[in-house]
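Summary of structural features
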Amino acid sequence: MIILYLFFGILTASLGAIPIGAVNIAVINTSIKENLKKAFYVALAAGIGEVLLALFALHCSMELSDFFQKNQWIQMLFIALFFSIGIYFAMFKTRNKTIPKPKIKLPNSKFITGFLLALLNPPVIIYWIVAISLTNKYIFELTVKNPVSSLSLFLLGIYLGKIGTLYFYGRWGNKLSKKQEGSETKLHKIIGIALITISVFQGLKFIIE
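Anyway, here's the lowdown on the structure attached to this text.

This paragraph deals with the overall build of the chain. Within the chain, the regular secondary structure consists of 8 helices and 0 strands. In sequence order, the chain lays out its α and β elements as α-α-α-α-α-α-α-α. Within the chain, counting contacts between residues at least 6 apart in sequence, those at least 24 apart form 86% of the total. Surface summary for the chain: the accessible area is close to 12500 Å², and the carbon and sulfur share equals 69%.

Structurally, Trp-128 is set in helix α6 (residues 122–138). Taking C-alpha positions, Trp-128 is 8.4 Å from Gly-16, a pair spaced 112 residues apart along the chain.

The N-to-C vectors of helix α2 (residues 22–33) and helix α7 (residues 148–177) enclose an angle of 40°; their axes lie 7 Å apart at closest approach. In terms of orientation, α2 lies oblique with respect to α7. The chirality of how α2 crosses α7 is right-handed. In this structure, α2 uses Val-23, Asn-24, Val-27, Ile-28, Ser-31 and Ile-32 to contact α7, whose residues at the interface are Leu-166, Tyr-169, Gly-170, Trp-172, Gly-173, Asn-174, Leu-176 and Ser-177. The residue makeup of the contact of α2 with α7, split by class, is 8 nonpolar, 6 polar and no charged.

Glancing now at the pattern of salt bridges. Applying the stated rule across the entire model yields 3 salt bridges. In this structure, Glu-34 and Lys-38 form a salt bridge, with 3.3 Å as the shortest nitrogen-oxygen distance. Overall, Lys-38 belongs to the partly exposed group, its relative accessible area being 34%. The residue Lys-110 makes a salt bridge to Glu-34 at a minimum N-O spacing of 2.7 Å.

What follows is about the packing of aromatic side chains. Counted by the stated rule, this structure contains 8 aromatic pairs. When the ring of Tyr-167 is compared with that of Phe-168, the centres are 6.2 Å apart and the planes differ by 65°; the resulting orientation is edge-to-face. Accessibility expressed as a relative area gives 30% for Tyr-167, which makes it partly exposed. Of the residues examined, Phe-168 reaches a relative accessible area of 62% and is grouped as exposed.

This part covers the nonpolar core. Ranked by internal contacts, the top residues of the largest apolar core, which has 20 residues, are Trp-128, Leu-142, Phe-154 and Ile-158. Elements with a contribution of two residues or more to this core: α1 (3–17), α3 (36–70), α6 and α7. Counting residues per element, this core draws most heavily on α6, at 6 residues. In contact with Leu-142, not counting residues within four places along its chain, are Tyr-5, Leu-58, Ile-132, Thr-135, Asn-136, Leu-151 and Phe-154. Formed by 15 residues, the second largest nonpolar core is a distinct cluster that contains Ala-39, Val-42, Ala-46 and Ala-118.

As for its placement among the helices and strands, Asn-174 is situated in helix α7. Apart from residues lying up to four places away in sequence, Asn-174 is in contact with Ser-31 and Leu-36.

Rules and cut-offs
Residues numbered from 1 in each chain as written. Predicted model: local features only at pLDDT ≥ 70, side-chain atom pairs only at ≥ 80, totals over all residues. Heavy atoms only, no water. Helix = DSSP H or I, 4+ residues; strand = E, 2+ residues; numbered from the N terminus. Contact = heavy atoms within 4.5 Å. Areas by Shrake-Rupley, 256 points an atom, 1.4 Å probe, with all protein chains shown as cover. Axes fitted to C-alpha atoms, helices over the stretch in contact; angles between N-to-C directions. Parallel < 35°, antiparallel > 145°, perpendicular 65-115°, else oblique. Left-handed = near helix turned anticlockwise from the far one by under 90°. Nonpolar A, V, L, I, M, F, W, Y, C, P; charged D, E, K, R; others polar. Salt bridge = Lys/Arg side-chain N within 4 Å of Asp/Glu carboxyl O. Buried < 20%, exposed > 50% of the residue type's maximum accessible area, 1.4 Å probe, protein only. Phe/Tyr/Trp six-rings, centres within 6.5 Å; stacked < 30°, edge-to-face > 60°. Core = buried A, V, L, I, M, F, W, Y, C linked by side-chain atoms within 4.5 Å.

Given below as structure tokens:
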């Protein structure tokens, strides 16, 4: 029974890591512009950040769930933000090739970059709050009062699920880098369409609820 916590952690983290986000984009870009090894450093650090967010959600799931329920404008803000970024990637990013890219100074360390991108990610906190709340309601009890062994396996599963999913994104980016010159443009379109799709589905879900 206790091994269920490990598999559930892997499954939940994998599902949460599939939608395109800041960390996924960082992994893909790193594997395209540099190499898969450096992209994996980003993934390893992002896994640590994911575990910390899940721990935070475990401690504060009830309070934060009520907060987001009472302040639904926060959800709409994130939906609008994802939609805007998706439009940018799908349309403007592929057209305005002559405009120089702004120089944003990120940490040189891929490990620090991956950790910060994973940790400073409010939508992921919301995801874990919802996931943990649904788990407690429909599957099994999952709180900080669980035995250390089951919590440890759950957090290990989260780490493995996160870095495993990001590794596949890195492999995908690595394959794109070996193709024709237009692969980066295709990547931007895919990212844009994915973000638009996610925001539309989230918006419909918000309206229905």
